[in-house]
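Coordinate inspection notes
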Amino acid sequence: MAEDDLFGFLLLSQTAVSKRATIIKDLKQQDCEIVYQEWVSLDLDRAKKFLQLYSKPDEQANYEEDKVNKLTENSCLALVVKKTQLSATFKELFDGQTSQRDVETGLFSTKYGLPVDSFYYSTDKNNAKECIEFLFPNLDIHNMMENNPRKYLESTVVPILTSGLTQLCKMEQKPEHPCEWLGQYLIQHDPTLSPKKKIYFILGGPGSGKGTQCEKLVEEFHLCHLSAGDLLRKEMQSGSSHGQLIDRMIRDGEIVPGHITIELLKNAMEEQTQSSGFLIDGFPRKLDQAGAFEKWIGDFEFILFLDCPQEEMEQRLLKRGQVSGRSDDNLDSIRKRFTTFVETTMPVVEYYRSRDKLVQVDASRSVEEVYKDIRTYFIEST
Ligand SMILES: Nc1ncnc2c1ncn2[C@@H]1O[C@H](COP(=O)(O)OP(=O)(O)OP(=O)(O)O)[C@@H](O)[C@H]1O
Ligand SMILES: O=c1ccn([C@@H]2O[C@H](COP(=O)(O)O)[C@@H](O)[C@H]2O)c(=O)[nH]1
């Protein structure tokens, strides 16, 4: 390690997390090496302890409620950064401070337009080490600072690589492209990339109330609602090359090829940084789409199935059709959608029911009655 190489840490809480891509890009442009990063969930107690550790020894630890809230509301992103003369870079990027602890005085955030208490950083060797040890108790910071590559790999990459290789060996049906499979495995299981966001699928016949109930879940549980149908309609209107195909398939109540829908879902999920989980409404419509989603995006918690008689759904959709402007809210398309649902989507429901990954509610009742049942499943799971 060069004489004046320095390790520092940077903790981005709440609002600052949304600027992480820019901040990381700026750091890299300044030749900073992001040696480690991890999403950290702090509870009240740990947030207070962190603020205590962070405050100067001769300062009263600052427990302002607002600061604690920002640290506990959502996961924070913590980075370990290495660079020669890191203090100077941090100061330059984070506002030309004269001391690394002037962050508390308020000038800190000009460049990124963020509140001062949405960032914490330190380049003081001992304090940075203490904070890193606190934030990442399982990280071998000592070896990392000593720049021992073998030990560094052993404490970071090797465990997940070993478990990926073990899984690969155990698989009865070996993947056609093992390296690609392993790459996906590493990304999906890397705890440092992102906090695991829970994924819930919402299925039910056309008009069973999926969108209506998702709105209520978003309000109460702050999950991100992604309607596969809405994403396809948006894609169609964007003038994409798939536009005509999607348009025709929606009118005919057919299922758009899974790779198109999954790509749209993946992009929408990646854009979403704030929510703690996703409600995926109207997907998977086919059994193979469920498998492809699990392979390319990740596992899900359960499917919520809204069970509703066809006559009730038909009435609801015809009523909605008077105002929705949807090309498929007419009797001809509605009937085709019912057929597709029974023939192609019900097998998905039955498959996951048999695997205990499905919960079902009677969706023929009033919106409030249905929601009363639904929320219990989310209270248990979130
Ligand atoms: N429990 C309910 N009782 C009566 N009407 C309802 C109920 N739930 C939803 N609706 C109404 O029925 C129509 C269809 O609801 P919604 O759009 O939520 O269904 P959906 O399952 O998302 O439909 P689609 O699959 O076609 O997108 C809407 O006009 C909605 O206001
Ligand atoms: O995963 C999906 C979701 C939807 N579609 C097509 O869109 C329409 C409308 O879907 P809603 O969920 O009712 O908004 C549906 O009939 C399909 O044609 C899809 O192909 N795949």
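If you're wondering where the values come from, they're calculated on a predicted model, not measured in any experiment. (Residues numbered from 1 in each chain as written. Chains lettered and ligands numbered in written order. Predicted model: local features only at pLDDT ≥ 70, side-chain atom pairs only at ≥ 80, totals over all residues. Heavy atoms only, no water.)

In the neighbourhood of ligand 1, 16 residues make up the surrounding shell, with Lys210, Thr212, Arg320, Arg337 and Arg365 lying closest. Lys210 places a side-chain nitrogen or oxygen 2.7 Å from an oxygen atom of ligand 1. A total of 630 Å² of accessible area belongs to ligand 1 in isolation, and the protein chains cover 75% of it. Among the cavities detected, the one that contains ligand 1 is the second largest pocket. Every element with two or more residues in the shell around ligand 1 is listed here: helix H11 (210-221) and helix H16 (310-324). Split into classes, the residues belonging to the shell around ligand 1 amount to three nonpolar, seven polar and six charged. (Near = heavy atom within 4 Å. Polar contact = N/O pair within 3.5 Å; in protein donor to acceptor, adjacent residues only side chain to side chain. Areas by Shrake-Rupley, 256 points an atom, 1.4 Å probe, with all protein chains shown as cover. 1 Å grid on protein atoms, 1.4 Å probe; cavity = no way out; pocket = protein on both sides within 12 Å on 5 of 7 lines; lining within 4 Å. Sits in = over half its atoms within 2 Å of the grid points. Helix = DSSP H or I, 4+ residues; strand = E, 2+ residues; numbered from the N terminus. Nonpolar A, V, L, I, M, F, W, Y, C, P; charged D, E, K, R; others polar.)

This part takes up the site of ligand 2. Lining the immediate environment of ligand 2, one finds 16 residues, of which Arg233, Glu254, Val256, Arg285 and Arg326 sit closest. At 3.1 Å from an oxygen atom of ligand 2 is found a side-chain nitrogen or oxygen belonging to Arg285. Between Arg337 and ligand 2, the recorded distance is 3.5 Å, taken from a side-chain N or O atom to an oxygen atom. Taking 450 Å² as the accessible area of ligand 2 by itself, protein coverage stands at 96%. Put simply, the parts of the chain that give the shell around ligand 2 at least two residues each are helix H12 (228-237) and helix H13 (243-251). Among the elements that line the shell around ligand 2, the one with the most residues is H12, at four residues. Classifying every residue of the shell around ligand 2 gives seven nonpolar, three polar and six charged.

In this section: the UniProt feature "binding site: ATP" (unreviewed entry) in the protein chain. When the UniProt feature table is mapped onto this chain numbering, "binding site: ATP" (unreviewed entry) sits at Gly207, Ser208, Gly209, Lys210, Gly211, Thr212, Arg320 and Arg365. As for the second largest pocket, its lining draws on Gly207, Ser208, Gly209, Lys210, Gly211, Thr212, Arg320 and Arg365 from among the annotated residues. Inspection of the secondary structure assignment puts Lys210 in helix H11. We classify Lys210 as buried; its relative accessible area is 11%. If near-sequence neighbours (up to four positions away) are discounted, Lys210 is found in contact with Ile202, Leu203, Gly204, Gly205, Asp281, Gly282 and Leu306. A polar contact of 3.1 Å, which involves the side chain of Lys210, links it to the backbone oxygen of Gly205. The residue Thr212 is located in helix H11 in this model. In this structure Thr212 comes out as partly exposed when scored by relative accessible area, which is 38%. (UniProt positions renumbered as here; feature names shortened; annotations may be inferred. Buried < 20%, exposed > 50% of the residue type's maximum accessible area, 1.4 Å probe, protein only. Contact = heavy atoms within 4.5 Å.)

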